[in-house]
Amino acid sequence: MEAARLQLPAELTHAQARACAQALSAQISAASGPRVDVDASALLTFDSSALAVLLDCRRAALAAGKSLAVAGLPPGLLAMSRLYGVQALLVPEGAAPAG
C-alpha cells in the first residue's frame with residue numbers, strides 16, 4: 001500500500017502552527033496506508049513551531065499505527081532539528097535531506 005503524502009505550507013510559524021497541526025493530524029488519521037510522508041520542501045518562512053508541528057504529526061501517525069518520514073527539510077530547519085535533538089525522529093536514517 002502506498003504512503004500518504006502530505007505537504008507543508010510555504011510559511012509555518014507560531015501564527016499558523018495550531019491550524020496546520022490540526023489539518024495535518026486529520027489527514028494522517030484519514031490516511032489508509034501504513035506510512036505517512038511529509039514534504040517540507042515548500043517551507044520558506046518558519047520558526048521552531050514548524051518542528052513542533054512535525055513532532056505532533058509524528059505523534060498522530062504513531063497513535064494511528066503508522067510510520068512518518070519527513071523529506072525536503074530546509075537546511076535551517078534541519079539544523080534546528082539537530083540542535084534540539086529530534087532529527088532522528090523526523091528524518092529516517094540514510095534519507096537525504098534537502099539543501
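This section reports on the structure supplied with the text.

Parameters and conventions
- Residues numbered from 1 in each chain as written.
- Predicted model: local features only at pLDDT ≥ 70, side-chain atom pairs only at ≥ 80, totals over all residues.
- Heavy atoms only, no water.
- Helix = DSSP H or I, 4+ residues; strand = E, 2+ residues; numbered from the N terminus.
- Rg over C-alpha atoms; globule rule 2.2 N^0.38 Å.
- Expected span 1.5 Å × (residues − 1).
- Bend = angle between axes of the 7 residues up to and from the residue.
- Contact = heavy atoms within 4.5 Å.
- Buried < 20%, exposed > 50% of the residue type's maximum accessible area, 1.4 Å probe, protein only.
- Polar contact = N/O pair within 3.5 Å; in protein donor to acceptor, adjacent residues only side chain to side chain.
- Salt bridge = Lys/Arg side-chain N within 4 Å of Asp/Glu carboxyl O.
- Pairing = 2+ DSSP bridges.
- Axes fitted to C-alpha atoms, helices over the stretch in contact; angles between N-to-C directions.

**Focus: the overall build of the chain**
Phase 1 of the analysis: The helix and strand tally for the chain stands at 4 helices and 5 strands.
Phase 2 of the analysis: Of the regular secondary structure in the chain, the N- to C-terminal order runs β-β-α-β-β-α-β-α-α.
Phase 3 of the analysis: For 99 residues, the compact-globule estimate of 2.2 N^0.38 gives 13 Å, and the C-alpha radius of gyration of the chain, at 12 Å, lies within 12% of that figure.
Phase 4 of the analysis: Referenced to the eigenvectors of the C-alpha coordinate spread, the extents of the chain come out at roughly 30 × 30 × 20 Å.

**Re helix α1 (residues 14–30)**
Phase 1 of the analysis: Counted at 1.5 Å a residue, the expected span for α1 with its 17 residues is 24 Å, and the 25 Å between its end C-alpha atoms agrees.
Phase 2 of the analysis: At cysteine 20, α1 shows its maximal kink, close to 25°.
Phase 3 of the analysis: Tucked inside the fold, the buried residues of α1 contact β1 (4–7), β2 (11–12), β3 (35–39), α2 (48–63) and β5 (67–71).

**Some thoughts on the environment of valine 53**
Phase 1 of the analysis: For valine 53, the location among the structural elements is in helix α2.
Phase 2 of the analysis: Distance from valine 53 to serine 29, taken between C-alpha atoms, is 15 Å for residues 24 residues apart in sequence.
Phase 3 of the analysis: Sequence-distant contacts of valine 53, that is, excluding residues within four places in its chain, are made with Leu12, Ala17, Cys20, Ala21 and Leu24.

**Considerations on α2**
In an α-helix, one turn spans 3.6 residues, which is why side chains three or four residues apart end up on the same side.
Phase 1 of the analysis: For α2, with 16 residues, the first-to-last C-alpha span of 23 Å sits near the 22 Å given by 1.5 Å per residue.
Phase 2 of the analysis: Within α2, burial applies to Ser49, Ala50, Leu51, Val53, Leu54, Cys57, Ala60 and Ala61.
Phase 3 of the analysis: Near the N-terminus of α2, the side chain that reaches the backbone nitrogen of serine 49, with its oxygen 2.8 Å away, is that of aspartate 47.
Phase 4 of the analysis: Positive backbone phi, at 75°, marks glycine 65, one or two positions downstream of α2.

**Points about the pattern of salt bridges**
Phase 1 of the analysis: By the definition in use, this model includes 3 salt bridges.
Phase 2 of the analysis: One salt bridge in this structure joins aspartate 37 and arginine 5, with 3.2 Å as the shortest N-O distance. Of this pair, aspartate 37 sits in strand β3 while arginine 5 sits in strand β1, placing them 32 residues apart in sequence.
Phase 3 of the analysis: Given the relative accessible area of 60%, arginine 5 is considered exposed.
Phase 4 of the analysis: The closest approach of N and O atoms between arginine 35 and aspartate 37, which form a salt bridge, is 2.9 Å.

**Considering the sheet that holds β5**
Phase 1 of the analysis: Spatial strand order, β1-β3-β5: 3 strands in an open sheet with parallel pairing. The outermost strands of the open sheet, each flanked by one partner alone, are β1 and β5. Averaged over all pairs of adjacent strands, the angle between their axes in this sheet comes to 20°, without regard to strand direction.
Phase 2 of the analysis: With 5 bridges joining them, β3 and β5 adopt parallel strand pairing. Residue pairing in the sheet places aspartate 37 in a bridge with alanine 69 of β5.
Phase 3 of the analysis: Strand contacts of α1: β1, β3 and β5, with the helix running at about 170° to β1, the strand carrying the most contacts.

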